[in-house]
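Report on the structure
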Amino acid sequence: MLTHSKRIIRSGYKNFIRSGFTSVASVLIMTITLFVITSLIFVQVALNSSLNDIKEKVDVTVYFVQDTSEADILGVQSALEKLPEVKSVTYTSSEEALNQFKDKHANDYLTLQALDELNGNPLGATLNIKAKDPSQYESISNYFENGDAFSKGTLTIIDKVDYHQNKIVIDRLNAIISGAQKLGFVFSLILILISLAITFNTIRLIIYMSREEIGVMRLVGAGKKYIQGPFIVSGVLVGLTSAIVTILLFIPISIWLGNQMTDFVGINMFTYYKDNFFQLFIIMLVSGVLLGGISSFLAVIRYIKK
Amino acid sequence: MSLEDVTFSITQGEFVSIVGHSGAGKTTLTKLILAEEAPTEGTVFFESTNIHTLSNRDLTNFRRKVGIVFQDFRLLPNRTAYENIAFAMESTGKSDIEIMEDVPHVLELVDLANRAFHFPHQLSGGEKQRLAIARAIITSPELIIADEPTGNLDPTNAKEVINILKKINDLGTTIILTTHNSSVIDQLKKRVITLQDGRIIRDEKEGKYMI
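Residues numbered from 1 in each chain as written. Chains lettered and ligands numbered in written order. Predicted model: local features only at pLDDT ≥ 70, side-chain atom pairs only at ≥ 80, totals over all residues.

**Quick look at the overall build of chain A**
Inclusion rule: What counts as a helix is a DSSP run of H or I of at least four residues, what counts as a strand is a run of E of at least two, and both are numbered from the N terminus. Counting other C-beta atoms within 10 Å of a residue's own tells you its class, since 20 or more makes it buried, 12 or fewer makes it exposed, and anything in between is partly exposed; those C-beta atoms are placed from the backbone. With C-beta atoms placed from the backbone, a contact is any residue pair whose C-beta atoms sit within 7 Å.
Within chain A, the secondary structure is distributed over 11 helices and six strands. Counting only C-alpha atoms, chain A reaches 100 × 40 × 35 Å along its principal axes. Classification of the 306 residues of chain A by burial places 29% in the buried group. A separation of at least 24 residues holds for 84% of the contacts in chain A among residues at least 6 apart in sequence.

**Brief notes about the sheet that holds strand S5 (residues 143–147) of chain B**
All names here are of chain B. Basically, it comes down to this: What makes two strands pair is DSSP finding at least two bridges between them. Here an angle of 0 to 180 degrees is reported between the N-to-C directions of two axes, which are lines fitted to C-alpha atoms, with helices fitted over the stretch in contact.
If you walk across this open sheet you meet the six strands as S4-S5-S6-S1-S7-S8, and the pairing is mixed. The open sheet has two edge strands with one neighbour each: strand S4 (66–70) and strand S8 (199–204). When strand polarity is set aside, the average angle formed by the axes of neighbouring strands in this sheet is 15°. This element, helix H1 (residues 26–33), spans strand S1 (15–19), S5, strand S6 (174–179) and strand S7 (191–196) of the sheet and lies at about 150° to S5.

**Quick look at the domain arrangement of chain A**
Interface size is often expressed as the accessible area that is lost when the parts come together. Which entries qualify depends on this criterion: For every domain, the bounds stem from an assignment made automatically or drawn from a database.
Taken domain by domain, chain A consists of domain 1 (2–54 + 174–301) and domain 2 (66–156). Look at where the C-alpha atoms of domain 1 of chain A and domain 2 of chain A centre, and you get two points 53 Å apart.

**Some points on the packing of helix H1 (residues 2–18) of chain A against helix H9 (residues 224–265) of chain A**
Residues and elements named next belong to chain A. Quick reminder of the rule: Geometric relationships in this document are graded by angle, where less than 35 degrees denotes roughly parallel, more than 145 denotes roughly antiparallel, 65 to 115 denotes roughly perpendicular, and other angles denote oblique. In this scheme the handedness of a crossing depends on how the near helix is turned from the far one: anticlockwise by less than a right angle means left-handed, clockwise means right-handed. Charged means Asp, Glu, Lys or Arg here, nonpolar means Ala, Val, Leu, Ile, Met, Phe, Trp, Tyr, Cys or Pro, and polar covers whatever is left, Gly included.
Interaxial distance between H1 and H9 falls to 7 Å at its minimum, and their mutual angle equals 55°. As the angle between them shows, H1 and H9 are arranged oblique. Considering how the two elements wind past one another, H1 and H9 form a crossing that is right-handed. Between H1 and H9, the residues in contact are Ile8, Ile9, Ser11, Gly12, Tyr13, Asn15 and Phe16 and Tyr226, Gly229, Pro230, Ile232, Val233, Ser234, Leu237 and Val238, respectively. Residue composition of the contact of H1 with H9, grouped by class: 10 nonpolar, five polar and no charged.

**Structural notes on the interface of chain B and chain A**
Chain B puts 18 residues into the contact, and the matching count from chain A is 16 residues. Elements supplying a minimum of two residues to the side of chain B that touches chain A: helix H2 (56–63) and helix H3 (81–91) of chain B.

**Looking at the domain arrangement of chain B**
Residues and elements named next belong to chain B. The domain boundaries assigned to chain B delineate domain 1 (1–65 + 141–211) and domain 2 (77–140). Just the C-alpha atoms count here: the centres of domain 1 and domain 2 sit 23 Å apart. In this complex, domain 1 contributes 11 residues to the contact, which on the side of domain 2 involves 11 residues. Looking at the side of domain 1 that touches domain 2 element by element, the count peaks at five residues for helix H6 (residues 155–170). Its residues assigned to classes, the side of domain 1 that touches domain 2 comprises seven nonpolar, two polar and two charged.

**Quick look at the environment of Val184 of chain B**
Residue and element names in this part refer to chain B. Mapped onto the secondary structure, Val184 falls in helix H7 (residues 182–188). Given 21 C-beta atoms within 10 Å, Val184 falls into the buried group. Sequence separation between Val184 and Lys159 is 25 residues, and the spatial gap between their C-alpha atoms is 7.3 Å. In this structure, Val184 is in contact with Thr150, Ala158, Ile162 and Thr179, ignoring residues within four places of it in sequence.

**A look at the sheet that holds strand S2 (residues 86–92) of chain A**
Two strands in a sheet stick together by hydrogen bonds in their backbones, pointing the same way (parallel) or opposite ways (antiparallel). Residues and elements named next belong to chain A. The four strands are arranged S2-S3-S1-S6 in an open sheet whose pairing can be described as antiparallel. A single partner strand is all that each edge strand has here, and the edge strands are S2 and strand S6 (158–161). Adjacent strand axes in the sheet meet at a mean angle of 20°, parallel and antiparallel pairs treated alike. Bridging between strand S1 (residues 60–64) and strand S3 (residues 126–131) involves four bridges; their strand directions are antiparallel. Bridge pairing links Val60 to Ile129 in S3. Lying on the sheet, helix H3 (residues 70–81) is in contact with S1, S2 and S3; it crosses S2 at an angle near 170°.

Pasting the structure below:
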């Protein structure tokens, strides 16, 4: 059994090495497939990073009436933080709000003068809420509308919640994010399927060219496994070599992307590549080896029936 | 080409030539004997076993008892002469030691010892055919089927190939030779079965090429 396996592996290896141009062609086609798979992983990472950036920019602010005490506001903050939809709640006191306003309008003389004439702080305290997912802002907003925990006697302490002003933008963003993710998935799936079909057909074509050789092996009295084995080993070697070529190709590509595209996609692709090198290599290796092995297995099987 | 009403038997150690024009059914007959094709009617027996009812495993075992030599050599292109012969032995599960002992011996027998590590494309037509014969005899088969083995060879190489087959036959191996080379048949002075339009028209003990 061990001798048999050793012979199959040796024979497959020699086939791969001696087939020269045919092996190079198979490696190139398989490299294109693995390149597409890796590129799609990169695109997904970039897309997710961009979408996360957009998600981070969406928030809802709760404005409190001016006389509300800090203790009451912190009570609301603590209640909000307990909600499962809420990612974070940031408290801004009326003084901080005033300072931020002044900083923001430092060059706007007229606005600052108008503020001085008011002789006081017109801004109330706020709570800035970030949801775990943009689709959850509605339920957070409903929480304010339904809850009477935010009443101080007969007066409500909440001046307004700006969800309704932002609703159109939030809904549109939700639709864009969900659409982009779905489109990305479908697009990736189609590209992967096309690449797989091309690779499978290339290997099938190469084995088709060896059909007479397979016929001779049969007539010489070789068993199925002994005929099929070396072709599968060669297919696995094509996958292995392609995985190594692809992973090496992505080093300069990710460096270039890191230098040129970080601001645009919001993530340094070289850093991502470095940090996930091992996982990506395993994905390439497993994809290549399985694709090569299974394609060869399926391609040879039709020629070794009786 | 279809065969019709073809019935004959071959005893162990015989040298039988099957002759006929192109399209007479010679290749179809060899394919039936090798179970490469199944008959629509009739049976092919090898040592009282109907080879067309064999399972895949038994068919593989049957083929190990038969050596084949083709007109177009059908060598494994990515293997050296040594490896082509070794492949037949490896297929039958022979050990590495047996392979290392027997392959050089057979290469010597067909005068290819100095071409052991050449690939088929580096060999001449005659050398390729001698290599194909070496591959066919390495497993000591009970039967050798040579399908037009001289078809692609010049007269000198053709004669050499036939001489090798005769020597193998002298050692007790049954040979079935298909050919339309009249000089080969006349020189052999062995049994000749003549096919015409898929039928046997002559079966003579020491036949001549008469078509």
